[in-house]
Amino acid sequence: MKIQYFADTDTLYINIRDAASSDSGDLGPDMLADYDEKGAIVALTIEHASMHADLGSVDVRDVPHLRLIGRDLTEGIAVGQ
């Protein structure tokens, strides 16, 4: 899974799994989902993300085999809390 924020458009993109998107649809105001050919969600897009999400923190819990990869980690990562 990959999470990417585009500051120039204030868009948060969450790629849930690497699969080709064959369709997309609105989930609500400023929220879109991309679907694979079987109808499973492969990605989510949140437009005007700073109005809908706390972009200052990400809380990840109980994810097996987690490997953190990132840029611009200014405060480090607290593990095991």
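From a predicted model like this one, the values you see are computed outputs, not experimental measurements. The residue count restarts for each chain, going from 1 along the sequence in the order it is written. With pLDDT at 70 or above as the cut-off, local features in this predicted model cover only qualifying residues; side-chain atom pairs require 80 or more to be listed or tallied, and sums for whole chains, interfaces and linings still use all residues. To obtain the side-chain values, all non-hydrogen atoms of the structure were used and water was disregarded.

Trainee: Give me the lowdown on the sheet that holds strand E2 (residues 11–15), citing residues and values where you can.
Mentor: Whether two strands pair comes down to DSSP finding at least two bridges between them. Helix and strand definitions here come from DSSP, where helices need a minimum of 4 consecutive H or I residues and strands a minimum of 2 consecutive E residues; each element is numbered from the N-terminal end. Here we have 5 strands laid out as an open sheet, ordered E1-E2-E5-E4-E3, and antiparallel in their pairing. Unpaired on one side and paired on the other, strand E1 (2–6) and strand E3 (23–28) mark the two borders of the sheet. Each strand of the sheet is rotated relative to its neighbour by a mean of 20°, with strand direction disregarded. Pairing of E3 with strand E4 (residues 31–35) involves 5 bridges; the strand directions are antiparallel. Within E4, the residue paired with Ser-24 across the bridge is Asp-34. Structural elements are reduced to axes, namely lines fitted to C-alpha atoms, with helices fitted over the stretch in contact, and the angle between N-to-C directions of any two is expressed from 0 to 180 degrees.

Trainee: Can you break down the pattern of salt bridges residue by residue, with the values?
Mentor: A carboxyl oxygen of Asp or Glu within 4 Å of a side-chain nitrogen of Lys or Arg is what we treat as a salt bridge. Tallied over the full model, the rule gives 1 salt bridge. A salt bridge links Asp-36 to Arg-17; the nearest nitrogen and oxygen atoms lie 2.3 Å apart. Pair noted here: Asp-36 is in the loop between E4 and strand E5 (41–47) and Arg-17 is in the loop between E2 and E3, with a separation of 19 residues, a long-range link. Using a 1.4 Å probe on the protein chains alone, a residue whose accessible area is under 20% of its type maximum counts as buried, one over 50% counts as exposed, and one in between counts as partly exposed. Taking relative accessible area as the criterion, Asp-36 reaches 11% and is therefore assigned buried. With relative accessibility at 33%, the residue Arg-17 sits in the partly exposed group.

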